[in-house]
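# Close look at the chain arrangement
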Amino acid sequence: MLNLEKTIKYTLEEKEMIAALDLASGKSWTKRTNAMEDLKKRLRKELDIIQEGRCAYCGNVLYVTSALEIEHIAPKGKDLYPEFTFNCKNLVAACSYCNGCHKKHSKDVVSKRHSEYEKCEFKIVHPYLDNPNDHILWTDDRKVIIERAASSPKGQFTISFFGLEEPPHTYERIKDYNLRKQLKDTPYEGRRLSNEEIAQLLDELV
Ligand SMILES: [Zn+2]
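Not measured: the values here are computed from a predicted model. (Residues numbered from 1 in each chain as written. Predicted model: local features only at pLDDT ≥ 70, side-chain atom pairs only at ≥ 80, totals over all residues.)

### Structural notes on the overall build of the chain
Note the cut-off: Under the DSSP-based scheme used, a helix requires at least four consecutive residues in state H or I and a strand at least two consecutive residues in state E, with every element numbered from the N terminus. Computation of the radius of gyration draws on C-alpha atoms alone. For the globule rule, the value is 2.2 Å times the number of residues to the power 0.38. Partly exposed residues are those whose C-beta has more than 12 but fewer than 20 other C-beta atoms within 10 Å; 20 or more makes a residue buried and 12 or fewer makes it exposed, with C-beta atoms placed from the backbone. In this description, any two residues whose backbone-derived C-beta atoms lie within 7 Å of each other are considered to be in contact.
Helices and strands together make up the secondary structure of the chain, namely six helices and four strands. Reading the helices (α) and strands (β) of the chain from amino to carboxyl end gives α-α-β-β-α-β-β-α-α-α. For the chain, the C-alpha radius of gyration of 18 Å lies close to 17 Å, the compact-globule estimate for 206 residues. Across its three principal axes, the chain shows a C-alpha extent of roughly 50 × 40 × 25 Å. For the chain, the proportion of its 206 residues judged to be buried stands at 25%. In the chain, once contacts between residues fewer than 6 apart in sequence are set aside, the share between residues at least 24 apart is 61%.

Here you go:
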């Protein structure tokens, strides 16, 4: 789980466009206009930068081969939380595993609704409103093995909900840890790699 502080920022034009939408219909996000397509394209790019190419829920690198999808934490459907469709703190980029139909998808994760987004209560650890380090604990600072019993009840729910202990997520964390170890003390350490650099590294490592 990422600990997000920075949010996307809408331009004046985007704010005006959003203000003119019928949010209650639950269909505003899928409106097929050029302005909406441009907005979503820009949001994908901005979330990718804010999250440094990682999934907000599992923290693993977003799959290079699949498109980055924007995910609504409080689902946007008509009978769910359409009023938060464009709320900056309700939008994250997630991997297809966390956001797939067997995990989050459009499941309701709000435990207490409030007209102000930040006053809503969530069943899962919230990447913007919670500090994940208070809820999900690890056996050591490699952050590969989760210490479930020491995690908070909300953390434990999140671990089960996203399957954070399941093999796909654990394998990704091991791969990530190994890569970080290999990159230590190299010019690549601690920053996001370009596709060219990844290709070069693959050639060197394979
Ligand atoms: Zn994920």
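Having seen the structure, we can now continue with the description.
### Some thoughts on the confidence of the model for the chain
Spelled out, the test is: The predictor reports its confidence for every residue as pLDDT, a score running from 0 up to 100.
Across the chain, pLDDT averages 90, with 97% of residues at or above 70. Mean pLDDT values over the elements of the chain span from 75, in helix H6 (residues 195–205), up to 98, in strand S4 (residues 121–122).

### A short note on helix H4 (residues 153–162)
Which entries qualify depends on this criterion: Arc definition: directions from the helix axis to the C-beta atoms.
Taken residue by residue, H4 has Gly155, Thr158, Ile159 and Phe162 as its buried positions. Buried residues of H4, viewed axially, fall in a sector of 100°; they line one side. Those residues of H4 hidden inside the fold are in contact with helix H3 (96–99). One or two positions beyond H4, positive phi appears at Gly163, with a value near 65°.

### Observations concerning the pairing of strand S2 (residues 91–94)
One face of the sheet, then the other: side chains in a regular strand alternate in exactly this way. Our working definition: A pair of strands is treated as paired once DSSP finds two or more bridges between them.
Neither face of S2 is exposed, since Leu91 and Ala93 on one face and Val92 and Ala94 on the opposite face are all buried. Sheet topology note: the strand S1 (residues 69–72)/S2 ladder contains four bridges and is antiparallel. Across the sheet, the residue bridging to Glu71 is Val92, located in S2.

### Remarks on unusual backbone geometry
When glycine is set aside, most residues are seen to have a negative phi, and most peptide bonds are trans. Positioned with a positive phi, Lys143 is a non-glycine residue whose angle comes to about 55°. Its place among the elements puts Lys143 in the loop between S4 and H4. At Asp185, a residue that is not glycine, the phi angle is positive and equals roughly 60°. Structurally, Asp185 can be placed in the loop between helix H5 (167–183) and H6.

### Things to note about the environment of Lys89
Considering the arrangement of structural elements, one finds Lys89 in the loop between S1 and S2. Sequence-wise, Lys89 and Ile8 are 81 residues apart; in three dimensions their C-alpha atoms are separated by 8.3 Å. Apart from the residues within four sequence positions on either side, Lys89 is in contact with Thr7, Tyr117, Glu118, Tyr128 and Leu129.

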